[in-house]
Amino acid sequence: MLKIGDIEMKNQVVLAPMAGVCNPAFRLIAKDFGAGLVCAEMVSDKAILNKNERSLSMLYVDEREKPLSLQIFGGEKETLVEAAKFVDKHTNADIIDINMGCPVPKITKCDAGAKWLLDPNKIYEMVAATVEAVDKPVTVKMRIGWDADHIFAVENARAVERAGGSAVAVHGRTRVQMYEGKADWSIIKEVKQAVNIPVIGNGDVTTPQEARRMLDEIGVDGVMIGRAALGNPWMLYQTVQYLETGKLLEPPAPREKIDVCMTHLDRLIDLKGEHVAVREMRKHAAWYLKGMSGNGRIRDKINSFETREDVATTLYTYVEELEENVAKEVSAV
Ligand SMILES: Cc1cc2nc3c(=O)[nH]c(=O)nc-3n(C[C@H](O)[C@H](O)[C@H](O)COP(=O)(O)O)c2cc1C
């Protein structure tokens, strides 16, 4: 079982933190679909300290989402620790996670995110100071290294452990790989063998069987799923079920997909209001429709959604057409 500090997850399936995606609307969907732990999108330490309204709203946690991990990023000890203290005292998150993997230049230029991967001493110092300052367990999410010549995953994970970190999640890519190439699970295995704190494996888990393989072959304590869950929270449910019973569930029917897509939108509207939510939903709607036949013909409509009504009318009309086509095919047999 996956246990971080005193917090016990009901299973080993973890929703990855994803900026622009993992707000309470999607996290609640992931919870509905059985994820043992959900991670929030990263929030800047400085924005928290400057009381930036948008960033503070990103710290909101619905009771139903728990256990939940809130992720912060930063490059300087003082601001990181102060932001962690704020999250510790003013949010009901269960875990404080530090981002050590974001590859984007805007972040690494400020010595934050993946930049830390080059310096295990800095990791020790930053994590130790954070752990010292807060009551909630502190974890780190890292990539395996900066580039192929600087893969310090084992040293870095050991630094997290020595500093009192409660777990480490490892994405099997370097910073320069961004999202290209394949995640190298063998390095995740080296990390797992080198530390005693829980290790969560991440990178390219796209099927329940791959989740099983990561747990069995790499020996990790939890498996973190990111892109495969976009528009497809069923992937989380199927994985939870497969890990428990060995049975693979059928994929959802188109109408079920659209129903969940609309629930997602309604939760986003509650959170951000219709104007912002509908625009944000365009990318999610495209993800929910992925793999559904003839979805190309409504792509333009998705990109111009303005209201909830637009979304509902377009998606349900599309599903009705799909269902009619299936009915015609059946009656033709
Ligand atoms: C849209 C998007 C946003 C992301 N945002 C974050 C983030 O805020 N914090 C973080 O640690 N990782 C972030 N990641 C990385 C993911 O958590 C994960 O490590 C990566 O996608 C690899 O896992 P996967 O192959 O299961 O997608 C993001 C990834 C994506 C695709």
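Residues numbered from 1 in each chain as written. Predicted model: local features only at pLDDT ≥ 70, side-chain atom pairs only at ≥ 80, totals over all residues. Heavy atoms only, no water.

Caption draft 1: Region of interest: the pairing of strand 10 (residues 199-202). Side chains Val199 and Gly201 project from strand 10 onto one buried face, and the interleaved Ile200 and Asn202 project onto a second face that is buried too. The pairing of strand 9 (residues 167-174) with strand 10 spans four bridges and is classified as parallel. Note that in strand 10 the partner of valine 170 across the bridge is glycine 201. Direction of pairing for strand 10 relative to strand 11 (residues 222-225): parallel, over a ladder of three bridges. (Buried < 20%, exposed > 50% of the residue type's maximum accessible area, 1.4 Å probe, protein only. Helix = DSSP H or I, 4+ residues; strand = E, 2+ residues; numbered from the N terminus. Pairing = 2+ DSSP bridges.)

Caption draft 2: Just the nonpolar core, in detail. One finds Leu15, Met142, Val191 and Leu315 to be the most contacted residues of the largest nonpolar core, which totals 98 residues. No other element matches helix 11 (residues 254-272), which puts seven residues into this core. Ignoring sequence-local partners within four residues, the contact set of leucine 315 consists of Ile258, Cys261, Met262, Leu289, Ile298 and Phe305. The next biggest cluster of nonpolar side chains, apart from the first, holds 13 residues, and it includes Val14, Leu37, Ile95 and Ala167. (Core = buried A, V, L, I, M, F, W, Y, C linked by side-chain atoms within 4.5 Å. Contact = heavy atoms within 4.5 Å.)

Caption draft 3: Fine view of the packing of helix 12 (residues 274-289) against helix 14 (residues 308-332). Where helix 12 meets helix 14, the axes come as close as 10 Å, and the angle between the chain directions of the two elements is 20°. Of the possible angle classes, the one that applies to helix 12 and helix 14 is roughly parallel. Like other packed secondary-structure pairs, helix 12 and helix 14 cross with a definite hand, here left-handed. Here Glu274, Val278 and Leu289 of helix 12 lie close against helix 14, whose contacting residues are Arg308, Glu309, Val311, Leu315 and Tyr318. Among the residues forming the contact of helix 12 with helix 14, the class breakdown is five nonpolar, no polar and three charged. (Axes fitted to C-alpha atoms, helices over the stretch in contact; angles between N-to-C directions. Parallel < 35°, antiparallel > 145°, perpendicular 65-115°, else oblique. Left-handed = near helix turned anticlockwise from the far one by under 90°. Nonpolar A, V, L, I, M, F, W, Y, C, P; charged D, E, K, R; others polar.)

Caption draft 4: Region of the structure containing unusual backbone geometry. In this chain, lysine 66 is followed by proline 67 through a cis amide linkage whose omega measures 0°. Position of proline 67 relative to the elements: it lies in the loop between helix 3 (53-57) and strand 6 (68-73). A positive phi angle, close to 65°, is found at aspartate 111, a residue other than glycine. With respect to the helices and strands, aspartate 111 occurs in the loop between helix 5 (105-108) and helix 6 (120-133). Positive phi outside glycine occurs at aspartate 204, with the angle close to 65°. Residue classification places aspartate 204 among the buried residues on the basis of a relative accessible area of 18%.

Caption draft 5: Main features of the environment of methionine 142. Considering the arrangement of structural elements, one finds methionine 142 in strand 8 (residues 138-145). For the pair methionine 142 and leucine 117, spaced 25 residues apart in the sequence, the C-alpha separation amounts to 7.6 Å. The residues contacting methionine 142, other than those within four sequence positions of it, are Met100, Gly101, Leu117, Ala153, Asn156, Ala157, Val160, Val168, Ala169, Val170 and His171.

Caption draft 6: Molecular detail of the environment of glutamate 321. Positionally, glutamate 321 belongs in helix 14. Owing to a relative accessible area of 34%, glutamate 321 belongs among the partly exposed residues under this scheme.

Caption draft 7: The site of the ligand, seen in detail. Lining the immediate environment of the ligand, one finds 16 residues, of which Ala19, Gln71, Asn202, Asp204 and Arg227 sit closest. Contact between the ligand and tyrosine 179: a nitrogen atom at 3.4 Å from a side-chain N or O atom of the residue. Note that an oxygen atom of the ligand is positioned 2.7 Å from one of the side-chain N or O atoms of arginine 227. Of the residues that constitute the shell around the ligand, the class distribution is seven nonpolar, six polar and three charged. (Near = heavy atom within 4 Å. Polar contact = N/O pair within 3.5 Å; in protein donor to acceptor, adjacent residues only side chain to side chain.)

Caption draft 8: Representation of helix 7 (residues 153-162) in the model. Listing the buried residues of helix 7 in full gives Ala153, Val154, Asn156, Ala157, Ala159 and Val160. Backbone geometry just after helix 7 places glycine 164 at a positive phi near 95°.

Caption draft 9: Representation of the pattern of salt bridges within the structure. What the rule picks out here adds up to 23 salt bridges. One salt bridge in this structure joins arginine 267 and aspartate 32, with 3.0 Å as the shortest N-O distance. Taken together, the positions of arginine 267 in helix 11 and aspartate 32 in helix 1 (residues 24-32) put the pair 235 residues apart, joining distant regions of the chain. Across the pair glutamate 217 and arginine 213 runs a salt bridge whose closest N-O atoms are separated by 3.3 Å. (Salt bridge = Lys/Arg side-chain N within 4 Å of Asp/Glu carboxyl O.)

Caption draft 10: Broad picture of the side chain of lysine 122. Looking at the element boundaries, lysine 122 is found in helix 6. Aspartate 111 is the oppositely charged side chain nearest to the buried, salt-bridge-free lysine 122, at an N-O distance of 4.9 Å. If we ignore the near neighbours within four places in the chain, the residues touching lysine 122 are Gly75, Asp111 and Trp116. (Lys, Arg positive; Asp, Glu negative; His and termini not counted.)

Limitation: the analysis is restricted to geometry and does not speak to function.
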